[in-house]
Amino acid sequence: MEQLSFFAFSGQSSGLPKSVLDYQAGFIPKCESDLIFEKLIANTPWQQRTVKMYDKEVITPRLTAWYGDADQIDYTSVGKTQPLAWTKELLALKEKVEPLAGISFNSVLLNYYRDGRDSVAWHSDNETVMGSHTIIASVSFGQVRSFDIRLKTDHKQKYSVRLEHGSLLLMKGDLQTKWDHRIAKSTLPMHARINLTFRRIIAPSLNPI
Ligand SMILES: O=C(O)CCC(=O)C(=O)O
Ligand SMILES: [Fe+2]
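Just so we're clear, the structure is a prediction, and the values are computed from it rather than from any experiment.

Rules used in this analysis
- Residues numbered from 1 in each chain as written.
- Chains lettered and ligands numbered in written order.
- Predicted model: local features only at pLDDT ≥ 70, side-chain atom pairs only at ≥ 80, totals over all residues.
- Buried ≥ 20, exposed ≤ 12 C-beta atoms within 10 Å, placed from the backbone.
- Helix = DSSP H or I, 4+ residues; strand = E, 2+ residues; numbered from the N terminus.
- Pairing = 2+ DSSP bridges.
- Core = buried A, V, L, I, M, F, W, Y, C linked by C-beta atoms within 7 Å.
- Contact = placed C-beta atoms within 7 Å.
- Near = placed C-beta within 6 Å.
- Nonpolar A, V, L, I, M, F, W, Y, C, P; charged D, E, K, R; others polar.
- Expected span 1.5 Å × (residues − 1).

(A) Structural context of the pairing of strand β12 (residues 179-183). Only one face of β12 is buried: it carries Trp179, His181 and Ile183, and the other face, with Asp180 and Arg182, is open. One ladder, built from 2 bridges, connects strand β7 (residues 120-123) with β12; its direction is antiparallel. Its bridge partner lying in β12, valine 120 is registered against isoleucine 183. As paired strands, strand β9 (residues 145-151) and β12 are joined by 5 bridges and run antiparallel to one another.

This is the structure in structure tokens:
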């Protein structure tokens, strides 16, 4: 039960901390979002990865893909695999989110939640490879899912944002240091959803100038 969303229907929870989250519905118009969604599902080399947790190999409950400046950055130095090279669709989205984020991104992680059983457990994104107060730009397509956050030191402080088709969520400030976030599993019937998180990874350059 712990993984189930506590705000399945209720929309944005009140008092959402604006210092760590910035939500914009309709960032990409519906028609364009529909096209991008279909294309990403069909054309992405989706993989189901395993991660090591307490010495056990666990299958990630969603599909993922990882794109970025493949020939310029040594991601293996920060424990990551080299990403796939940017597609023109992903580059166009990157250029669209950058002015709002105010930084440039060098990679994007794609998550494909096939139905309500797919999820991402409570976590924060590794600050050592991105800097502690970095901005992550998160773009969502398809099924609306609840993005929950809770304070690391006080789990009763929880909020939820419904991430709509074509929306943009900026994660900023203390979000990765003081808060955890997740996409909970749902027992309600859920269609597919794709989420893209644009990131700026700090890793040594392969092409020093
Ligand atoms: O699917 C989402 O909205 C969030 C994904 C996420 O937190 C991550 O990939 O680190
Ligand atoms: Fe995350």
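(B) Layout of the nonpolar core. Judged by nonpolar contacts, the single largest core of 38 residues is most densely connected at Ala137 and Leu169. Apart from residues no more than four positions distant in its own chain, leucine 169 is found in contact with Leu21, Tyr23, Ser138, Phe147, Val161 and Leu163.

(C) Representation of the site of ligand 1 in the model. Near ligand 1 the following residues occur: Leu109, Asn111, Val120, Asp125, Ser138, Phe147, Leu163, His181, Ile183, Asn195 and Thr197. The set of elements that each furnish at least two residues to the shell around ligand 1 consists of β6 (107-113), β12 and β13 (193-199). Its residues placed into classes, the shell around ligand 1 shows 5 nonpolar, 5 polar and 1 charged.

(D) Representation of the sheet that holds β6. Across the sheet, which stays open at both edges, the 7 strands sit in the order β1-β11-β8-β13-β6-β4-β5 with mixed pairing between neighbours. Bordering the open sheet on either side are β1 (21-24) and β5 (84-85), each of which pairs with just one other strand. Across 6 bridges, the pairing between strand β8 (residues 136-142) and β13 is antiparallel. Looking at the pairing, serine 140 lines up with asparagine 195 of β13.

(E) Summary view of helix α2 (residues 88-101). Spanning 14 residues, α2 covers 20 Å between terminal C-alpha atoms, matching the ideal 20 Å at 1.5 Å per step. Buried residues in α2 make contact with β4 (63-68), β6, β8, β11 (167-171) and β13. Of the residues one or two after α2, glycine 102 is the one with positive phi, at around 75 degrees.

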